Amino acid sequence: MSQLAIYGGPQTITHDFGEIFDWPIITNEDESAVLDILRTRNMSGIDVTIKFEREFARYHGVEYALATNNGTAAVHSAMFACGIGIGDEVICQSSTFWASVLPVLNLGGTVVFADIDKNTLTLDPIDVESKITRNTKAIIVVHYFGHPTDMDPIMDIAKKNGIKVIEDVSHAHGGFYKGRLLGTIGDVGAMSVMSEKGFAIGEGGVLITRDQKIYERAIAFGHYERTGGFGTRSTSDLIQDKELQRFSGTPLGGFKYRMHQMSSAIGRVQLKYYKQRMLEIQKAMNYFWDLLEDVPGVKSHRTSINSGSTMGGWYMPHGIYCPEEIGDISLEKYCEVVRAEGVYTKPGMNELLHLKPIFNDADIYGHGIPTRIANSNNDIRQMKGSLPICEFMSDRVFSIPWFKHYRPDVIEQYASAFAKVSNLAAEIEQ
Ligand SMILES: *Cc1c(COP(=O)(O)O)cnc(C)c1O
């Protein structure tokens with residue numbers, strides 16, 4: 001009889017190790033920070049948020065941080081701040097959460113999707129370069145599933161073409177690319193800090209930059225009370241740009257993107273411990289992959305040691321599936337057999353955006369033609385087959401457990417579930 005649990009063999013995972021996965025870690029300090037906000041009825045103020053912003057900027061070694069009510073708002077503000085508007089194109093990967101790029105349609109711009117590298121699952125600079133047109137205004141990189149994008153060639157392409165680089169850091173807070181913190185390499189970093197992310201503080205987003213103009217435009221876009229005229233900040237804090245000051249009291253975007261102060265209060269506490277907690281996650285996740293290094297069928301999605309690059313908090317960690325090494329078992333089936341061993345895993349990554357109706361046939365603003373086309377005066381839609389690597393890799397990645405603590409005995413159990421299934425793959429009935 002097969003030893004695989006799906007055929008009646010013993011399950012690999014014998015206990016509920018739930019607390020190793022719990023996130024974010026909430027202590028009395030987070031609780032009292034929130035209670036303080038409640039008791040002072042200070043939910044809609046900005047004093048705590050500004051403290052959080054300064055601490056967040058300091059952590060990243062940049063001049064400016066602007067907190068927003070969610071990550072989508074941070075990305076939207078970053079796009080506006082970079083000057084993206086009517087007819088402009090941004091280049092982004094198709095395998096990402098929609099918020100990395102969808103707000104561009106609202107600015108009158110559009111997106112051209114570029115393909116990814118099959119090992120990093122992030123933008124392939126060569127394909128990016130081939131998609132540059134005279135309408136290209138920015139490249140939006142996503143450090144996908146924690147893996148840093150290859151920023152050196154991306155920055156070279158941007159410089160050569162006089163375009164901006166926006167980093168979506170929602171998956172990789174605190175991660176490094178060749179020794180530089182993610183979000184500080186491009187013109188602006190934008191990220192979600194909602195409860196499920198690596199740096200998790202509740203609904204919220206943050207934009208970071210060294211560029212005063214970008215910072216001030218982002219404020220003017222969605223923070224009406226921070227452009228002046230409301231007496232909530234000392235005048236030295238207010239934006240300096242005279243042209244933008246004319247609009248004080250009314251946000252240019254017509255949006256209100258203020259962060260809830262319960263989020264910023266938690267953010268201040270979480271930030272104090274983030275580095276230490278992130279380092280433990282890194283140790284735990286690297287140990288998991290070290291254990292599976294020589295196991296057939298699975299390959300790690302991570303940075304190599306001594307590269308100066310890291311995976312930040314390892315948000316939504318995934319592995320790369322190599323079916324040819326284990327008799328071409330389908331990924332669906334492989335995941336089902338692993339789940340029977342007591343380990344949750346599922347195939348796939350974000351649904352590819354270039355194939356979604358919103359980018360192909362949605363007429364959102366009443367142009368009479370799909371918005372994606374209307375905003376570019378050109379049919380730039382990309383059909384199935386147009387981005388071969390990301391289409392191929394969609395069926396080649398699977399989720400893995402996201403350990404928050406370095407507990408070797410527990411991690412070994414989880415790794416051995418994958419190893420068991422791979423090693424007994426010959427017994428799997430398709
Ligand atoms: C979560 C996420 C966002 C959006 O953030 P919200 O806080 O959910 O608005 C943007 N980009 C990526 C890559 C994300 O994963």
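Above this text sits the structure in question.
Reading the values: rules and limits
- Residues numbered from 1 in each chain as written.
- Predicted model: local features only at pLDDT ≥ 70, side-chain atom pairs only at ≥ 80, totals over all residues.
- Heavy atoms only, no water.
- Salt bridge = Lys/Arg side-chain N within 4 Å of Asp/Glu carboxyl O.
- Helix = DSSP H or I, 4+ residues; strand = E, 2+ residues; numbered from the N terminus.
- Buried < 20%, exposed > 50% of the residue type's maximum accessible area, 1.4 Å probe, protein only.
- Phe/Tyr/Trp six-rings, centres within 6.5 Å; stacked < 30°, edge-to-face > 60°.
- Lys NZ or Arg CZ within 6 Å of the ring centre and 35° of its normal.

Trainee: Would you explain the pattern of salt bridges in this entry?
Mentor: Between side chains of opposite charge, a pair can form when the charged atoms approach closely. Evaluated as defined, the whole model comprises 18 salt bridges. A salt bridge links aspartate 152 to lysine 178; its shortest N-O distance comes to 3.0 Å. Separated by 26 residues along the polypeptide, aspartate 152 in helix H6 (residues 151-161) and lysine 178 in the loop between strand E6 (176-177) and strand E7 (180-181) bring together distant segments of the chain. With a relative accessible area of 29%, aspartate 152 lands in the partly exposed category. Given the relative accessible area of 45%, lysine 178 is considered partly exposed.

Trainee: Sorry, what's going on with the packing of aromatic side chains here?
Mentor: Both the distance between ring centres and the angle between the ring planes are used here to describe each pair of aromatic rings. Across all of its chains, the model carries 25 aromatic pairs by this definition. Judged by centre distance (6.2 Å) and plane angle (65°), the rings of phenylalanine 17 and tyrosine 414 are edge-to-face. In this pair, phenylalanine 17 sits in the segment before helix H1 (28-39) while tyrosine 414 sits in helix H13 (residues 408-423), placing the two residues 397 residues apart along the sequence. In this pair, the class of phenylalanine 17 matches that of tyrosine 414, namely buried. Grouped by ring-pair contacts, the aromatic residues Phe17, Phe21, Phe288, Trp289, Tyr321, Tyr334, Phe398, Phe403, Tyr414 and Phe418 constitute a single cluster. Directly above the aromatic system of phenylalanine 80 lies the positively charged group of arginine 217, at a separation of 4.2 Å from the ring centroid. Here the guanidinium or amino end of lysine 404 rests over the ring plane of tryptophan 402, the centre of that ring lying 4.0 Å away.

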